[in-house]
Amino acid sequence: MPSQSESSLQAGLAALKQGDYQKAKTILEALVNQGDGQSAIIQAKIGLIVTYSRIGEIETAIALSEALSKSSNQKIKVWANDSLTKLRKIKSKQDTLAGEVPEFIPLSNSEDISEDTNISQNQSGQLAASQKLLQQSSQKRRYSEINDKKNHANSSKFTRANSSLIEWRQAGRAKTWQRSGKTNLIPLWLLCLGTLTTLFWVAQIILNILMANVNSILVKLPFVDPLQVLYQDSFYFLVYLFTILLVASPWLLDLIFKKFYQTRPFSIQNLNNYSPEAVRLLQRYYKQRKWKFLKLYIINNPAPIVFTYGNLPRNSRVVVSRGLLEQLKDDEIATIYALQLAHISNRDNIVMSVLLIATIPIYGIYKQLSQWADHISNKIGRSMLGIIANIFYLTWRLLITTGALLSQIRLYYGDRFGTEVTGNPNGAIRALLKVIMGIASDIAKREETSWQLESLNPSLPVGYKQSIAYGSGVPFLSWESLLMWDCTNRYRWFFAALGTHPMLGDRVKHLCTMALNWHLQPELDINTQLVSKQYSKLFFIGVAPFLGILFGLLIGIFLWLIWQIGFAFHLWNLKWIYDDWYFLLGCMLIGFSFGTLIRINYLFPQINPVTIQTNENFSNLIASPNALPIDSSPLQITGKVIGRQGTSNYLAQDLMLNTNIGLIKLHHISWFVKAVNPQDFIGRQVTIYGWLRRGNHIYLDINTLYTHTGQSISIPHPMWSTILSVMTTAFGAYILLNG
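These numbers come from a predicted model, not from an experiment. (Residues numbered from 1 in each chain as written. Predicted model: local features only at pLDDT ≥ 70, side-chain atom pairs only at ≥ 80, totals over all residues. Heavy atoms only, no water.)

Novice: What is the right way to look at the pairing of strand 9 (residues 698-707) in this model?
Specialist: The side chains of a regular strand alternate between both faces of the sheet. The element strand 9 is extensively covered by neighbouring structure, given that seven of its ten residues are classed as buried. In this sheet, strand 9 lies alongside strand 7 (residues 662-667) in parallel orientation, the contact comprising three bridges. Its bridge partner lying in strand 9, Lys 665 is registered against Tyr 699. Here nine bridges tie strand 8 (residues 685-694) to strand 9, and the two strands are oriented antiparallel to one another. In the sheet register, Leu 692 faces strand 9, and the bridge partner there is Leu 700. In this antiparallel pair of consecutive strands, strand 8 and strand 9, the connection spans three residues. The pairing of strand 9 with strand 10 (residues 712-714) spans three bridges and is classified as antiparallel. Each residue of the ladder has a partner; that of Tyr 706, found in strand 10, is Ser 712. Count of turn residues in the strand 9/strand 10 antiparallel hairpin: four residues, of which Gly 710 carries a positive phi of about 95°. (Buried < 20%, exposed > 50% of the residue type's maximum accessible area, 1.4 Å probe, protein only. Helix = DSSP H or I, 4+ residues; strand = E, 2+ residues; numbered from the N terminus. Pairing = 2+ DSSP bridges.)

Next comes the structure, spelled out in structure tokens:
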């Protein structure tokens, strides 16, 4: 039977392999402090060095490596010296490149280190000294968690994640492979039709509201008559408009992108300088189908951007950014172009082109109005124009949501198509991950999300919101740990439903599966055996407002049946209510309000200074595969507030915290009557207390924000939820009482 120390060692190393670094640290530290079994202690120390390096505690990892480097055992000494070299390299760059942490210590190198180890007296002395150092460092960490306010001024910030410094596995590609058969595109085409119909319907509602309000204003103005054309049905106008957009989208978008995005033609010869494989792929594919060759364009943007638009294959265009060509390798660029070929071949780019041409002008109006508002000195005028600008932003978001499902599903089809035409699923994985990192680096460097990146987001291969946490978090966590939630969380599909992009981890998992099917070693080791089979009560509490809507609808239908029965037996006559189905809305509003009240205490628990998590725990929190947004992990974190300044950020749509462990999206409800909002602290170093949410995206709900000068601001999230609940209850009751 294994001893207790061996059992603890195996448990700690298993937690390390699974990416549960906090658990691994706790078990291995306890084992080292017990001092039971020198062989187990050595392996525990090696595991701790790996753990500390993954969670950013570089100094502690260096201290332990120095102790092990004096070992008389040659294997341990070589391993420790190699680790020291790389750890010191990281430490020397930590202030300027906080995040270039390669995965330099594979666990497999340490598993047999102590098999033939003989402990000398000198080595025992070194181990005792390092054990004392470990205990001191543990005490210091516990002390710093309680007194973090004193240390936050020393925090650095994430600047960029350099993919060239990540130790990629460089897994190979297939030399010969067999396609999995003809893809059934009918579900995708039906989804395209449904998306176009939904976009048309939402556009008609918005247009009708706009027409009615314009005429309502004109009626009240003197000497002005309402426009009779605005009283007409907008249906046929939109039919003609959408028909024109479908036919002319390539040329209309050419004008838009040339004018506002500065696209320029990109010759096949220029592409050949970056990726000869991509050139061969495009030429072969178009030649086989006897299509007229597509047009290529380039954007001078450092962020890795790529998208396609058009209607027919001969009228299609692929636009790529300078940043993508510079950050990806030859075969990776080819897989990206293969993904664009998929959209052209599958015809889903037709609907996405209409979506782009319908939404980009609205986003442009939001951008322009915001810029005008920022130049208005009068506070009231500035605020009014800013509010109007953000109404256009909300309209843009609403229209984008109509294409969310198509934007997700088409990428799964694209990944399969692109992999089958290149035989390179591992190259596709590296390409996606490097794009994620490049977008995060661009946001960190600009200290805001560029308007090009946000406006084009639905058509990009990965979303910029995914990139914020994933792309900046990879230096401190392995890709497997970061993506585990996407692959294994039981409720992940619910939280990803309205996102513009599918879960990155799920896409990578499918690509890894294709690699395995072709007998290739996958680029990442995605372990999908950790899927929780247990239902979580917290999930149902978290979605209580939505369940309340459903419950309210069922109650409304039940009341309608009671009223019908009563009327049939002449017991009562409530025909004035049940003939108007509007009363169902009242029932659903009341159900929503009750669900919101149930959720408040779970969603916003009291923040206890004793148990609050800090910067060094952030990586462990986001790596938990079973985390839910309702978990509400209290977090105290220090960093620099970044994002767009001015009226364009009234809704906190571009508000982030740049910390020494990556970028974190910040969320709060803007309060226009408050003199100060978190957006006013952009560019300043702050400490934030809030609740970390882990779902399809990772973000922090702000509770309190402190500056280093003592200024503070509190965000009343629970109060806003209570107000919303009371208002929906009152409105629902009004509908029920008045019909």
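Novice: Would you explain empty space enclosed by the protein in this entry?
Specialist: If a probe the size of a water molecule is rolled over the atoms, the empty space left behind becomes visible. Tallied over the entire structure, the rule returns four cavities of 30 Å³ or more. Looking at the largest cavity, its volume works out to about 90 Å³. Taken together, Thr 335, Ile 336, Leu 339, Gly 414, Asp 415, Gly 418, Thr 419, Ala 428, Ala 431, Leu 432, Arg 507 and Leu 511 form the lining of the largest cavity. Going through the elements one at a time, helix 12 (330-346), helix 15 (404-422), helix 16 (425-446) and helix 21 (504-517) are the ones with two or more residues in the lining of the largest cavity. For the lining of the largest cavity, a count of residues per class yields six nonpolar, four polar and two charged. (1 Å grid on protein atoms, 1.4 Å probe; cavity = no way out; pocket = protein on both sides within 12 Å on 5 of 7 lines; lining within 4 Å. Points joined across faces, edges and corners; volume = space filled by probe spheres on them. Nonpolar A, V, L, I, M, F, W, Y, C, P; charged D, E, K, R; others polar.)

Novice: Explain the side chain of Ser 593 to me, please; I cannot follow it from the model alone.
Specialist: Topologically, Ser 593 is positioned in helix 25 (residues 583-603). In this view, Ser 593 contacts Ser 725, Thr 728 and Thr 729; residues no more than four positions away in its chain are not counted. (Contact = heavy atoms within 4.5 Å.)

Novice: Would you mind showing me how to read unusual backbone geometry here?
Specialist: For residues that are not glycine, phi is negative in most cases, and the peptide bond is trans in most cases. Even without being glycine, His 519 reaches a positive phi, approximately 60°. The topology assignment puts His 519 in the loop between helix 21 and helix 22 (537-542). Using a relative accessible area of 74% as the deciding quantity, one classes His 519 as exposed. The phi dihedral of Ser 632 falls on the positive side, at around 50°, and the residue is not glycine. Here Ser 632 is to be found in the loop between helix 26 (618-623) and strand 5 (633-643).

Novice: Just to check I follow, could you spell out the pattern of salt bridges for this structure?
Specialist: A pair can form between side chains of opposite charge whenever their charged atoms are brought close. Following the criterion strictly, the structure yields 19 salt bridges and no others. Where Arg 179 meets Glu 420, a salt bridge forms, and the shortest distance between an N and an O atom there is 3.2 Å. Here the residue Arg 179 occupies a position in the loop between helix 6 (121-146) and helix 7 (186-220), and Glu 420 occupies one in helix 15, the gap between them amounting to 241 residues. You can call Arg 179 partly exposed: its relative accessible area is 42%. What makes Glu 420 buried here is its relative accessible area of 3%. (Salt bridge = Lys/Arg side-chain N within 4 Å of Asp/Glu carboxyl O.)

Novice: I would appreciate a short explanation of the packing of aromatic side chains in the present structure.
Specialist: Aromatic ring pairs are reported here in terms of the distance separating the ring centres and the angle at which the planes meet. Scanning the entire structure with this criterion turns up 26 aromatic pairs. Judged by centre distance (5.1 Å) and plane angle (55°), the ring pair of Phe 257 and Tyr 309 falls under tilted. Of this pair, Phe 257 sits in helix 8 (residues 235-260) while Tyr 309 sits in strand 3 (residues 306-309); the two residues are 52 residues apart in sequence, bridging distant segments of the chain. On the basis of relative accessibility, which here comes to 0%, the residue Phe 257 falls in the buried class. By the ring-pair criterion, three or more aromatic residues cluster together here, those being Trp 485, Tyr 491, Phe 494, Phe 495, Phe 539, Phe 540 and Phe 546. Between the NZ or CZ atom of Arg 289 and the centre of the ring of Tyr 285, over which it lies, the distance is 3.6 Å. The lysine or arginine in question, Lys 367, covers the ring of Trp 451, its NZ or CZ lying 4.6 Å from the ring centre. (Phe/Tyr/Trp six-rings, centres within 6.5 Å; stacked < 30°, edge-to-face > 60°. Lys NZ or Arg CZ within 6 Å of the ring centre and 35° of its normal.)

Novice: Would you explain the nonpolar core in this entry?
Specialist: One broad trend across soluble globular proteins is that nonpolar side chains are buried collectively. Among the nonpolar cores identified, the biggest contains 163 residues, and Leu 271, Tyr 337 and Trp 479 are the most heavily contacted of them. Examining the composition of this core, we find that twelve residues originate from one element, helix 13 (residues 348-374), more than from any other. In contact with Leu 271, not counting residues within four places along its chain, are Phe 266, Ala 278, Val 279, Leu 282, Leu 296, Leu 325 and Tyr 337. Formed by twelve residues, the second largest nonpolar core is a distinct cluster that contains Val 543, Ile 600, Ile 607 and Leu 628. (Core = buried A, V, L, I, M, F, W, Y, C linked by side-chain atoms within 4.5 Å.)

Novice: Just to check I follow, could you spell out the environment of Tyr 689 for this structure?
Specialist: When you line up the elements, Tyr 689 lands in strand 8. A relative accessible area of 13% means that Tyr 689 is categorised as buried. In this structure the C-alpha to C-alpha distance between Tyr 689 and Ile 612, which are 77 residues apart in sequence, comes to 8.8 Å.

Novice: Honestly, the packing of helix 10 (residues 276-289) against helix 12 in this entry has me stumped. Any pointers?
Specialist: How two helices pack is summed up by the angle between their axes together with the distance between the axes. Between helix 10 and helix 12, the shortest axis-to-axis distance is 7 Å and the interhelical angle comes to 25°. Put simply, helix 10 runs roughly parallel to helix 12. Helix 10 and helix 12 meet at a crossing whose hand is right-handed. Taking contact as the criterion, the partners of Pro 276, Glu 277, Ala 278, Leu 281, Leu 282, Tyr 285 and Tyr 286 in helix 10 are, on helix 12, Asp 330, Asp 331, Ile 333, Ala 334, Tyr 337, Ala 338, Leu 341, Ile 344 and Ser 345. (Axes fitted to C-alpha atoms, helices over the stretch in contact; angles between N-to-C directions. Parallel < 35°, antiparallel > 145°, perpendicular 65-115°, else oblique. Left-handed = near helix turned anticlockwise from the far one by under 90°.)

Novice: Quick question: what am I supposed to make of the state of the cysteines here?
Specialist: Disulfides are covalent bonds that connect the sulfur atoms of two cysteines. Across all of its chains, the model carries zero disulfides by this definition. Looking at Cys 487, it has no disulfide partner, and the nearest cysteine sulfur is the one in Cys 512, 8.2 Å off. Classification of Cys 487 as buried rests on a relative accessible area of 2%. (Disulfide = S-S within 2.5 Å.)

Novice: What am I meant to see in the environment of Lys 292 here?
Specialist: Relative to the helices and strands, Lys 292 resides in the loop between helix 10 and strand 2 (295-299). Put simply, Lys 292 and Ser 316 are 24 residues apart on the chain and 9.8 Å apart in space, counted from C-alpha to C-alpha. Apart from the residues within four sequence positions on either side, Lys 292 is in contact with Tyr 286, Pro 313 and Arg 314.

Novice: Honestly, helix 27 (residues 717-738) in this entry has me stumped. Any pointers?
Specialist: Every α-helix winds through 3.6 residues per turn, so residues three or four apart in the chain are directed the same way. The terminal C-alpha atoms of helix 27 lie 32 Å apart, and with 22 residues this matches the ideal 32 Å at 1.5 Å per residue to within 8%. Among all positions of helix 27, only His 717, Ser 721, Ser 725, Thr 728, Gly 732 and Ile 735 are buried. The arc enclosing the buried residues of helix 27, seen along the axis, measures out at 100°, which places them on a common side. Every exposed residue of helix 27 that faces more than 90 degrees away from the buried side is listed here: Val 726, Met 727, Tyr 734 and Leu 737. For helix 27, the secondary structure elements touched by its buried residues are helix 25, strand 7, strand 8 and strand 9. (Expected span 1.5 Å × (residues − 1). Arc of directions from axis to C-beta.)

Novice: Would you mind showing me how to read the packing of helix 25 against helix 27 here?
Specialist: As a packed pair, helix 25 and helix 27 sit with axes 8 Å apart at the nearest point and diverge in direction by 155°. Taken together, the axes of helix 25 and helix 27 lie roughly antiparallel to each other. When the axes of helix 25 and helix 27 are compared, the crossing they make is left-handed. On helix 27, the residues touching Phe 583, Leu 585, Gly 586, Cys 587, Leu 589, Ile 590, Phe 592, Ser 593, Thr 596, Leu 597 and Ile 600 of helix 25 are Pro 718, Ser 721, Thr 722, Leu 724, Ser 725, Thr 728, Thr 729, Phe 731, Gly 732, Ala 733, Ile 735 and Leu 736. Each residue belonging to the contact of helix 25 with helix 27 can be placed in one class, and the counts come to 14 nonpolar, nine polar and no charged.

Novice: In this structure, what is going on with the sheet that holds strand 2? I would like to understand it.
Specialist: Across a sheet, strands are paired by hydrogen bonds formed along the backbone, either parallel or antiparallel in direction. Spatially, 1-2-4-3 is the arrangement adopted by the four strands of the open sheet, whose pairing is mixed. The open sheet has two edge strands, strand 1 (264-265) and strand 3, and neither has a second partner. Both strand 2 and strand 4 (residues 317-321) contribute to a ladder of five bridges, which runs parallel. When the bridges of strand 4 are listed, Ile 298 appears paired with Val 320.

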